[in-house]
Amino acid sequence: MIRTVESHTPASAPVLAAYSYCEAVTGQQARNFAYGIRLLPTPKRRAMSALYAFSRRVDDIGDGPLADDVRVTRLEDTRALLTRIREGAVDEDDTDPVAVALAHAAEHFPIPLGGLDELIDGVQMDVRGETYETWDDLKAYCRCVAGAIGRLSLGVFGTEPGARGAERASEYADTLGLALQLTNILRDVREDAAGGRTYLPADDLAKFGCSAGFAGPTPPEGSDFTGLVHYEVRRARALFAEGYRLLPLLDRRSGACVAAMAGIYRRLLDRIERDPGAVLRGRVSLPGHEKAYVAVRGLSGLDTRHVTRRAVRRRA
């Protein structure tokens, strides 16, 4: 069981300012994520914003235009900062608001900060330009850059006392992170190709005649691009189904947050499945009103009840 340890001691002005900075970063740069964390009580929302802001810094280093050796140095500097946070060596008056906010969050929630080391490991794989021959290879990368985020988030959410199956919560959070990351990979396939990156497993690409890559708005000649996308969609749906078993283990508002974030990505997956070629023509996204509907659905607990009923039927 993972219980959160929330303190009701008011945060100091410097800490509140640091959290405000992280929330601004989250609202501006992670609209899908922001829809979910709005549903959390204030302490958890702030802690999730701090996690996001630190993770975003790592991602921006990996995705930025800097030379590879500079990016490697920046990532190691960020790892050193994480070590300072872990050791309690960041003061409230530190000039880095993300460090201040994350240090405060880590004092009040059992956040497994090693997950951020894994994120840095994953981004270093990007800097090295690694490609993935098989799904097992890609899965190892996804566990670093997304599964770890799921486990970090669980440190903030905690699990409900007495929840049946709570010992597997970390596993479900990890799997849900994989589902979101695979959806991201499908959505960004052309954008990644333009940046010289290929994430989909090489053996899957070969199976569907797509080894030539995705340099333009049309699939490679003679390929079965639709077959490839539908194959990966099925894989993502299986991951979502397993990861959604986390929902009944969380309190109402944490479950609503997870259901909202995951629900947005599931709807993106639906759109990609209906029109696979759309990912080559532009960025697939959801309109704001649809995201709002998903958030309301999450808050209603509908997805959680659905997962619970399905679990009861399996045990019957």
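These numbers come from a predicted model, not from an experiment.

**Side note on the nonpolar core**
Grouped together as the largest cluster of nonpolar side chains are 98 residues, with contacts concentrated most on Phe54, Ile85 and Leu116. In terms of residue count, helix H7 (residues 135-157) provides more of this core than any other element does, eleven residues in total. Leave out the neighbours within four places in its chain, and Phe54 touches Thr78, Leu81, Leu82, Ile85, Val98, Leu102 and Leu116.

**Details of the environment of Arg38**
Its location among the elements puts Arg38 in the loop between helix H2 (31-37) and helix H3 (42-63). It is 22 Å that separates the C-alpha atoms of Arg38 and Ala99, two residues lying 61 residues apart in sequence.

**Notes on the pattern of salt bridges**
Tallying each qualifying case throughout the model produces 29 salt bridges. For Arg86, the salt bridge identified is with Asp117, shortest N-O distance 2.5 Å. Of the two residues, Arg86 is situated in helix H4 (residues 68-86) and Asp117 in helix H6 (residues 114-127); the sequence distance between them amounts to 31 residues. Residue classification places Asp117 among the buried positions, given a relative accessible area of 16%. Two residues, Glu290 and Arg271, come together in a salt bridge whose shortest N-O distance is 2.9 Å. Of this pair, Glu290 sits in helix H14 (residues 288-300) while Arg271 sits in helix H12 (residues 252-274), placing them 19 residues apart in sequence. Take Glu290: its relative accessible area is 15%, and that puts it in the buried class. Using a relative accessible area of 27% as the deciding quantity, one classes Arg271 as partly exposed. Taken together, the shared-partner salt bridges connect Glu76, Arg79, Arg86, Asp117 and Asp121 into one network.

**Examining helix H1 (residues 13-29)**
In a regular helix each residue adds 1.5 Å, so 17 residues correspond to 24 Å; H1 covers 24 Å between its end C-alpha atoms and thus fits that length. Of all the positions in H1, only Val15, Ala18, Tyr19, Cys22, Val25 and Thr26 are classed as buried. Down the axis of H1, the buried set is contained in an arc of 115°. They therefore lie on one face. Residues Ala13 and Gln28 are exposed on H1 and point more than 90 degrees away from its buried face.

**With respect to the state of the cysteines**
This structure, assessed with the given rule, holds zero disulfides. Cys210 takes part in no disulfide bond, and the closest cysteine sulfur to it belongs to Cys142, at a distance of 18 Å. Note on Cys210: relative accessible area 0%, which makes it buried. Of all cysteine sulfurs in the structure, the one in Cys22 sits closest to Cys257, which takes part in no disulfide; the separation is 16 Å.

**Things to note about a negative patch on the surface**
A contiguous patch of negative charge, built from Asp91, Glu92, Asp93 and Glu107, is present on the exposed surface. Along the chain, the position of Asp91 falls in the loop between H4 and helix H5 (97-108).

**So, H6**
Taking 1.5 Å per residue, 14 residues should reach 20 Å; H6 reaches 20 Å between its end C-alpha atoms and fits that length. By the criterion of burial, H6 is predominantly enclosed, with eleven of the 14 residues buried. Inspection of H6 places Gly115, Leu116, Asp117, Leu119, Ile120, Gly122, Val123, Gln124, Met125, Asp126 and Val127 among the buried residues, and these make up the whole buried set. Of the residues one or two after H6, Gly129 is the one with positive phi, at around 75°.

**A short note on the packing of H3 against H4**
Closest axis-to-axis distance for the H3/H4 pair is 9 Å, and the angle between their directions is 165°. The angle between the axes of H3 and H4 places the two elements in the roughly antiparallel class. Note that H3 runs across H4; the crossing there is left-handed. For the pair H3 and H4, the contacting residues are Phe54, Arg57, Val58, Ile61, Gly62 and Asp63 in the first and Arg71, Arg74, Leu75, Thr78, Leu81, Leu82 and Ile85 in the second. Broken down by class, the residue content of the contact of H3 with H4 amounts to seven nonpolar, two polar and four charged.

Each value, and the rule that gives it
- Residues numbered from 1 in each chain as written.
- Predicted model: local features only at pLDDT ≥ 70, side-chain atom pairs only at ≥ 80, totals over all residues.
- Heavy atoms only, no water.
- Core = buried A, V, L, I, M, F, W, Y, C linked by side-chain atoms within 4.5 Å.
- Buried < 20%, exposed > 50% of the residue type's maximum accessible area, 1.4 Å probe, protein only.
- Helix = DSSP H or I, 4+ residues; strand = E, 2+ residues; numbered from the N terminus.
- Contact = heavy atoms within 4.5 Å.
- Salt bridge = Lys/Arg side-chain N within 4 Å of Asp/Glu carboxyl O.
- Expected span 1.5 Å × (residues − 1).
- Arc of directions from axis to C-beta.
- Disulfide = S-S within 2.5 Å.
- Patch = residues over 30% accessible without salt bridge, like charges linked within 9 Å, V, L, I, M, F, W, Y side chains within 5 Å.
- Areas by Shrake-Rupley, 256 points an atom, 1.4 Å probe, with all protein chains shown as cover.
- Lys, Arg positive; Asp, Glu negative; His and termini not counted.
- Charge placed at Lys NZ, Arg CZ, Asp CG, Glu CD.
- Axes fitted to C-alpha atoms, helices over the stretch in contact; angles between N-to-C directions.
- Parallel < 35°, antiparallel > 145°, perpendicular 65-115°, else oblique.
- Left-handed = near helix turned anticlockwise from the far one by under 90°.
- Nonpolar A, V, L, I, M, F, W, Y, C, P; charged D, E, K, R; others polar.

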